[in-house]
Amino acid sequence: MLDERKVVILKAIISNYLETGEPVGSRTISKYTDLNLSSATIRNEMSDLEEMGYIIQPHTSAGRIPTDKGYRFYVDSMMAEKNESVQEHGVLLERVDKLESLLKQVAKVLAYNTQYATLVSSPQMRNRQVKFIQLSQVDDEDLVAVIVVGDNVAKNQLIHVNRPLSNEEVLKLNLLLNTFLTGASVNEINIELMQAMRRQAGEYADILESVFEGIVDAVHQAEEMQIYTSGTSNILRYGELGDVNKASALLETLEDKNGLESLLDQTNNQDEDGDGIQIYIGEESPVQNMKDYSIVTSTYALPEGAKGTIGIIGPKRMDYKKVVQTLKNLTDELDTIFRKNEKKG
């Protein structure tokens, strides 16, 4: 068993080596940690770690670099710290599927009950950082990456590789990816970061590039907003909305989702009276093809903080009191459902 001091020194050696690619000496470690130990004491600890097989000295008078055993300890420690995310990713993926079905059903029920057109958006992350990455081998030519981003949103990505990888190679890729990408925002995952990772990856640079591209795709997929609509034909029930061209333009907007992002973004950025209800009447609408209608929207939130929007579109003479109360009741009900699911998870 490693005592706390050896663990800190070993982690410092590995972290520094991952960052620089150069053997790590005792003087570097004395500056790198807050143990307040002399270089001589650190050298003694490093000698013990070398005897135990966690680090090696590639040449005389050089610093130390981690062995596979050292990497294994580092990764196991990291995995223990991230254990909650690893244990939950299957639940999270399952919940994403269930959430999509739930939101589609919400749009249908709401349209039926109000006899207006409805829309529901998928929740959007406020935290846009990579939280954790786990690569696993599917077969000799494919890996699956589970990427947890933002507010515990998990994505699966199948990644093709050019040659079979050993368990140790997959382990090292996991270590490298999490070292570079954990905590990185979407905007920070760019060409410069990829080049830095390639330099560190050495012989695994080409494989890493395929993995990196898959992860970028998954992160951007997690950001994409899904919009579910229902009841578009209800609009035709109202005589004042009977203009064929205007009705067609609205139906096209609802079906193709063109321009709806501006409405949903505006709704999420505002919160009148603290209840999340927004009412747009005619020209107040941020969507051009909805300026002959009224729109009432409300926000809902997942326990992790991601927010989505529910909207009702109808004539300017809609029953605002009923619509607002319906949305309040619905968001309360969704809140109850999400909290129950969170406890089950």
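For every chain, the first residue of the written sequence is number 1, and numbering continues from 1 onward in sequence order. The predicted nature of this model means local features are confined to residues of pLDDT at least 70 and side-chain atom pairs, given and counted, to a pLDDT of 80 or more, with totals for whole chains, interfaces and linings taken over all residues. Each side-chain value is worked out from all heavy atoms of the structure, with water and hydrogens disregarded.

A. The overall build of the chain, seen in detail. Under the DSSP-based scheme used, a helix requires at least four consecutive residues in state H or I and a strand at least two consecutive residues in state E, with every element numbered from the N terminus. Within the chain, the regular secondary structure consists of 11 helices and 10 strands. When each of the 345 residues of the chain is scored for burial, the buried share is 47%. Residue pairs in contact within the chain that sit at least 24 positions apart in sequence constitute 61% of those at least 6 positions apart. All accessible areas in this document rest on Shrake-Rupley with a 1.4 Å probe, and a residue is counted as covered only by the protein chains that are shown. If you sum the accessible surface of the chain, you get close to 17,500 Å²; carbon and sulfur atoms cover 45% of it. Working definition: with a 1.4 Å probe on protein chains only, accessible area under 20% of the residue-type maximum means buried, over 50% means exposed, and in between means partly exposed. By definition, residues are in contact when any of their heavy atoms lie within 4.5 Å.

B. Representation of the packing of helix α6 (residues 167–181) against helix α7 (residues 191–201) in the model. The contact between α6 and α7 brings their axes to 11 Å, and the two run at 145°. Crossing geometry of α6 relative to α7 is assigned as right-handed. Where α6 abuts α7, its residues Leu 176, Leu 177, Phe 180 and Leu 181 lie against Leu 193, Ala 196, Met 197, Gln 200 and Ala 201. Only Asp, Glu, Lys and Arg are considered charged in this grouping, and only Ala, Val, Leu, Ile, Met, Phe, Trp, Tyr, Cys and Pro are considered nonpolar; every other residue, Gly among them, is considered polar. Classifying every residue of the contact of α6 with α7 gives eight nonpolar, one polar and no charged. Note on definitions: angles span 0 to 180 degrees between N-to-C directions of axes, and those axes are lines fitted to C-alpha atoms, for helices only across the stretch in contact. Left-handed describes a crossing in which the near helix is turned anticlockwise from the far one by less than a right angle; the clockwise case is right-handed.

C. The arrangement of α6 in detail. With 15 residues, α6 should cover 21 Å at 1.5 Å per step; its first-to-last C-alpha distance of 21 Å lies within 8% of that length. Along α6, the residues that are buried comprise Glu 169, Val 170, Leu 171, Leu 173, Asn 174, Leu 175, Leu 176, Leu 177, Asn 178 and Leu 181. Where α6 ends, the next residue or the one after it, Gly 183, has phi of about 90°, a positive value. Residue count minus one, scaled by 1.5 Å, sets the expected span of a helix.

D. Expanded view of the pattern of salt bridges. A side-chain nitrogen of Lys or Arg and a carboxyl oxygen of Asp or Glu constitute a salt bridge if their distance falls within 4 Å. All told, the structure shown has eight salt bridges when counted by the stated rule. A salt bridge links Lys 6 to Glu 45, with the nearest nitrogen and oxygen atoms 2.8 Å apart. Taken together, the residues Lys 6 in helix α1 (residues 4–20) and Glu 45 in helix α3 (residues 39–51) connect sequence positions 39 residues apart. According to the relative accessible area criterion, Lys 6 is buried, its value standing at 11%. Between Arg 64 and Glu 50 there is a salt bridge, with its nearest N and O atoms 3.1 Å apart. Note that Arg 64 is positioned in the loop between β1 (55–56) and β2 (65–66) and Glu 50 in helix α3, a separation of 14 residues in sequence. Take Arg 64: its relative accessible area is 12%, and that puts it in the buried class. Each member of the salt-bridge network shares a partner with another, and the members are Asp 3, Arg 5, Lys 6, Glu 45 and Asp 48.

E. Focus on the packing of aromatic side chains. Centres within 6.5 Å make a pair out of two Phe, Tyr or Trp rings, where for Trp the six-membered ring is used; the pair is then stacked when the planes are under 30 degrees apart, edge-to-face when over 60, and tilted otherwise. Counted under the stated rule, the structure contains one aromatic pair. A centroid spacing of 5.9 Å and a plane angle of 75° characterise the contact between Tyr 54 and Phe 73, whose relative ring orientation is edge-to-face. With Tyr 54 in the loop between α3 and β1 and Phe 73 in helix α4 (residues 68–81), this residue pair connects regions lying 19 residues apart in the sequence. Across from the ring centre of Tyr 54, 4.5 Å away, lies the NZ or CZ of Lys 69, which sits over that ring. Put simply, a charge is over a ring when the Lys NZ or the Arg CZ is close to the ring centre, within 6 Å, and near the line of the ring normal, within 35 degrees.

F. Representation of unusual backbone geometry. The residue Gln 115 is not glycine, and still its phi comes out positive at about 65°. Residue placement: Gln 115 occurs in the loop between α5 (83–114) and β3 (117–121).

G. Spatial organisation of the confidence of the model for the chain. On average, residues of the chain carry a pLDDT of 77, and 81% of them reach 70 or more. Scored between 0 and 100, pLDDT is the confidence that the predictor attaches to each residue. The lowest-confidence element of the chain is α5, averaging 66 in pLDDT; the highest-confidence one is β1, averaging 92. Segment residues 82–94 is flagged for pLDDT under 50; beyond a separation of four residues in sequence, or across chains, it makes 14 contacts in the model.

H. Geometry of the nonpolar core. Only buried residues count toward a nonpolar core, which is a set of Ala, Val, Leu, Ile, Met, Phe, Trp, Tyr and Cys residues joined through side-chain atoms within 4.5 Å. Counting 27 residues, the largest nonpolar core has Leu 135, Leu 143, Leu 177, Leu 181 and Ile 189 as its most contacted members. Among the elements of the structure, β4 (130–139), β5 (142–149), α6, α7 and α8 (205–223) are those that each provide at least two residues to this core. Other than its neighbours up to four places away in sequence, Leu 143 contacts Leu 135, Ser 136, Gln 137, Val 138, Gln 157, Leu 158, Ile 159, Val 161, Leu 165, Val 170 and Val 211.

I. Up close: the environment of Gln 278. With respect to the helices and strands, Gln 278 occurs in strand β8 (residues 278–281). In sequence terms Gln 278 and Thr 299 are 21 residues apart; their C-alpha atoms lie 8.9 Å from each other.

J. Quick peek at the packing of α1 against α3. Axis separation between α1 and α3 bottoms out at 10 Å; the angle between their running directions is 85°. Compared by their axis directions, α1 and α3 come out roughly perpendicular. Counted together, Arg 5, Lys 6, Ile 9, Leu 10 and Ile 13 of α1 and Thr 41, Ile 42, Glu 45, Met 46, Asp 48 and Leu 49 of α3 form the full contact between these two elements. Here is the rule for angles: anything less than 35 degrees is roughly parallel, anything more than 145 is roughly antiparallel, 65 through 115 is roughly perpendicular, and the remaining ranges are oblique.

K. The arrangement of the sheet that holds β8 in detail. At least two DSSP bridges between two strands are needed for those strands to be called paired. Judged by pairing direction, the sheet is antiparallel, and its five strands sit side by side in the order β7-β3-β10-β9-β8 without closing on themselves. Looking at which strands have only one partner, the edges of the open sheet turn out to be β7 (227–230) and β8. Adjacent strand axes in the sheet meet at a mean angle of 15°, parallel and antiparallel pairs treated alike. Relative to strand β9 (residues 294–301), β8 runs antiparallel, the two being bridged by four bridges. Counted as the bridge partner of Ile 281 is Ser 294 from β9.

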